[in-house]
Amino acid sequence: MSTPRRPAHPDQPGTRATITPEQREDLAERLRERVYVTFATLAVTLTLMAHAHGLGAGTAAASLTITAVGTVAAAWLAELISHLAAHGGFPDRHHLAAMTRTSAGALVTLVFPLLALAIAGLGWWEVTTALRVGVGVLIATLVLIAWLGIRRTKLPWPARILALGVLAALAVGVVGLKLLAHG
């Protein structure tokens, strides 16, 4: 019995799954939005964990939701303003819809932390447990996004692992700065 062949990398010439430059840019924008929202949500989750005594699941969920929606709204507005500055006018309907889909799609990062808080709201977990689960999921999300970026490089494997380590160290620095801001 033979093992199935792994599909060719989508960027290799001659494959049916070749990614167009537009698709690359769309992917980059979606991942960038998710990174922003994930970092913001992670910082707030860690801050909530530090002040979890007496914190209700609903209050924590509201804080996370407000943070994520605010971050998405700010990113969308920044995209609109930069489009105005670069193109001298508002985006057409197609570009506006794409901007909105990209920004709103980043809210998917909230799903598991909010599910964990819902479980805490039902009394099955403590709020601190739900927040810890949320932190774990958010960190895993950042690792996955970084890996998606690193795996597409043409670097040899040792360099990819080193790059992933450098990205992890930078991410820890970013989270540290956000924690300083949130007290």
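Further up the page is the structure itself.
Residues numbered from 1 in each chain as written. Predicted model: local features only at pLDDT ≥ 70, side-chain atom pairs only at ≥ 80, totals over all residues. Heavy atoms only, no water.

Enquirer: Describe helix H4 (residues 111-121), with residues and values.
Expert: Turning to H4, its buried residues are Pro-113, Ala-116, Leu-117 and Ala-120. The buried side chains of H4 occupy one side of the element, clustering within an arc of 95 degrees when seen end-on. Residues Phe-112 and Gly-121 are exposed on H4 and point more than 90 degrees away from its buried face. On its buried side, H4 packs onto helix H2 (57-87) and helix H5 (127-151). (Buried < 20%, exposed > 50% of the residue type's maximum accessible area, 1.4 Å probe, protein only. Helix = DSSP H or I, 4+ residues; strand = E, 2+ residues; numbered from the N terminus. Arc of directions from axis to C-beta. Contact = heavy atoms within 4.5 Å.)

Enquirer: So what's going on with the pattern of salt bridges? Which residues, and what values?
Expert: In total, this model carries one salt bridge according to the counting rule given. Between Asp-26 and Arg-30 there is a salt bridge, with the nearest N and O atoms lying 3.1 Å from each other. With Asp-26 and Arg-30 both in helix H1 (residues 21-50) and four residues apart, the pair spans about one turn of that helix. Using a relative accessible area of 32% as the deciding quantity, one classes Asp-26 as partly exposed. By relative accessible area, which is 34% here, Arg-30 ends up partly exposed. (Salt bridge = Lys/Arg side-chain N within 4 Å of Asp/Glu carboxyl O.)

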